[in-house]
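Commentary on secondary and tertiary structure
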Amino acid sequence: MLPRIRGLRVLTSLVISALVLAACGTQAPATPTTAPAAPTATTAAAPADTPTTAAAADTPTTAAAEPTETAAGGAAGIIPEGSIPVGAVIPTTGRYAAGGTLVKNGYELAIEDINAAGGVDVGGEKFRLELLVLDDESDASKTTQRMETLNSSNAVVAYLGGFGSDLHAAAAAIAEKNKIPYVGVAFALYSIHQQGYQYLFSPFPKSPDIAKATFDLLDSFDPRPTKVAIFAETTDWGAELGGLWKTEISSRGYELVVDEQYAPGAKDFSPLVGKAKDAGAQVVLGLPNPPDGTAIVKQMKELAYTPEAMFLIRAPDSATWAQNLGKDGDAVMLIQGWDANVTFPGAREMAQRYQQKYGAPAISAVGSAYASVQILADAITRAGSTDRQAIRDALAATDMTDTVIGPVKFNPDGTGQVISIVTQYQNGAQVSVWPKEQSSAEPLYPAPPFDQR
């Protein structure tokens, strides 16, 4: 039997939206709906972690065109009157809040654009996408709790992911248990995809892609650097990416002169920096979180050490990098899946709308998040149904060329066949520098000393 989207879920969502709008002194717009099914006697009040919807006052999403409202049945399954619920558990507070906000904004803008264009076509009828968001506070235990809430209370047809590999690891396991398709970006941990999951899809560069792109770019430099230092975070992802970098170093004829580990949250990086400087490391590779990455750069400046090239994965993803470091944050390179200057269909136009809507540039995870909604909408259309298994199978067969991140296919393990974009901070802003056909600027190499910026 195909899954039903219960009338109770629709009623609950509408009541919550009305209460939010009333609290803000705004009258909820009248939306004609057919009468939902009567709630059962065991129905309780909405839980404390009730999701926010696109109607929430802090992030309003409005549709320029109202799609056809109908209750489809038959082979296509039961579809909620006028909407298709999609759930997302995102860290909008806590240590991942900056990145999580970028992901959330990317989802919201994509859903706004799709709904404004008439919604998602399912069997010849148009339906709105309804995004229900819960904050996991950057806590993996809360990620699992919120994922279960979206399943049991809201009957979502698919999950969209948050930010941070550890949170995605927790979320992917719940999606697999519930047999709900999960589209996640802003995580590069490859080992998650080695668990045999059938419902996980990630159109985002993974550790093997990052390692390869790192050295593809380094190989293009003239003169090519030879001595490399790795600052390895003592986490699963740190070990995974560090090992892959070492494989590239060996196979491409580089020399690993420093291989040092540190615990996340460390305050004193001067021993690592001093060793890299004394060894004459021309390249520094690291995977710090934002506070650690900022501290590393500041201590490099204090010790008058400027590597010719530096890749810091994750730490520079959000706009707070340039805000905190100014010109000292320039020349750092990162691989985050997307840049607003790429030539993929609709990317630059989307970036303009993002700037207008949020008053900030569209960077890093924004594009990948936006593309995730494009991919999911395409899968729902091809499935011709809101049946979760049908959507999962359609996602597995994805072959798109017109997303804002370019062509997308999925491997059997759910990893995406996507183009890895290398960006670099120049004059306080991110610019794409690799691959050449998608670059908007030449790489700043070798990096100028801190006192000359």
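Residues numbered from 1 in each chain as written. Predicted model: local features only at pLDDT ≥ 70, side-chain atom pairs only at ≥ 80, totals over all residues. Heavy atoms only, no water.

Okay, the overall build of the chain next. When helices and strands are tallied, the chain shows 12 helices and 16 strands. With 453 residues in all, the chain has 55% of them scored as buried. Within the chain, contacts between residues at least 6 apart in sequence are counted, and of these 70% link residues at least 24 apart. Counting only carbon and sulfur atoms, one obtains 53% of the accessible surface of the chain, whose full area is about 17900 Å². (Helix = DSSP H or I, 4+ residues; strand = E, 2+ residues; numbered from the N terminus. Buried < 20%, exposed > 50% of the residue type's maximum accessible area, 1.4 Å probe, protein only. Contact = heavy atoms within 4.5 Å. Areas by Shrake-Rupley, 256 points an atom, 1.4 Å probe, with all protein chains shown as cover.)

What follows is about the pairing of strand 8 (residues 255-262). Here strand 7 (residues 227-233) runs beside strand 8; their pairing, made up of seven bridges, is parallel. Each residue of the ladder has a partner; that of Ala229, found in strand 8, is Val258. (Pairing = 2+ DSSP bridges.)

Geometry of a packed helix pair, given as the angle between the helix axes and the separation of the axes. Two elements in contact, helix 10 (residues 347-358) and helix 11 (residues 365-383), have axes separated by 11 Å at closest approach and are oriented at 110°. Taken as axis vectors, helix 10 and helix 11 run roughly perpendicular relative to one another. Contacts between helix 10 and helix 11 involve Met350, Arg353 and Tyr354 on the former and, on the latter, Val366, Gly367 and Tyr370. (Axes fitted to C-alpha atoms, helices over the stretch in contact; angles between N-to-C directions. Parallel < 35°, antiparallel > 145°, perpendicular 65-115°, else oblique.)

A word on the sheet that holds strand 9 (residues 283-286). Backbone-to-backbone hydrogen bonds join strands into a sheet, with any given pair of strands oriented parallel or antiparallel. An order of 8-7-9-10-11-15-16 is seen for the seven strands of this open sheet, with the pairing classed as mixed. The open sheet has two edge strands with one neighbour each: strand 8 and strand 16 (429-434). Each adjacent strand pair in this sheet contributes to an overall mean axis angle of 25°, direction not counted. When strand 7 meets strand 9, the two strands line up parallel, connected through four bridges. Residue pairing across strands places Ala229 opposite Val284, the latter belonging to strand 9.

Here we take up the pattern of salt bridges. A full pass over the atoms with the stated rule returns 18 salt bridges. Note that Arg252 and Asp219 form a salt bridge whose closest N and O atoms lie 2.7 Å from each other. With Arg252 in the loop between helix 6 (236-251) and strand 8 and Asp219 in helix 5 (residues 207-220), this pair connects stretches of sequence that are 33 residues apart. Owing to a relative accessible area of 31%, Asp219 belongs among the partly exposed residues under this scheme. For Asp328, the salt bridge goes to Lys301, with nearest N and O atoms at 3.0 Å. Of the two residues, Asp328 is situated in the loop between helix 9 (320-325) and strand 11 (332-335) and Lys301 in helix 8 (residues 290-302); the sequence distance between them amounts to 27 residues. (Salt bridge = Lys/Arg side-chain N within 4 Å of Asp/Glu carboxyl O.)

So, on to the environment of Ala110. If you trace the backbone, Ala110 turns up in helix 2 (residues 97-116). Taking the C-alpha atoms as reference points, Ala110 and Tyr354, 244 residues apart in sequence, are found 9.8 Å from one another. In contact with Ala110, not counting residues within four places along its chain, are Tyr370 and Val373.

Interpretation in functional terms is not warranted from these geometric data alone.
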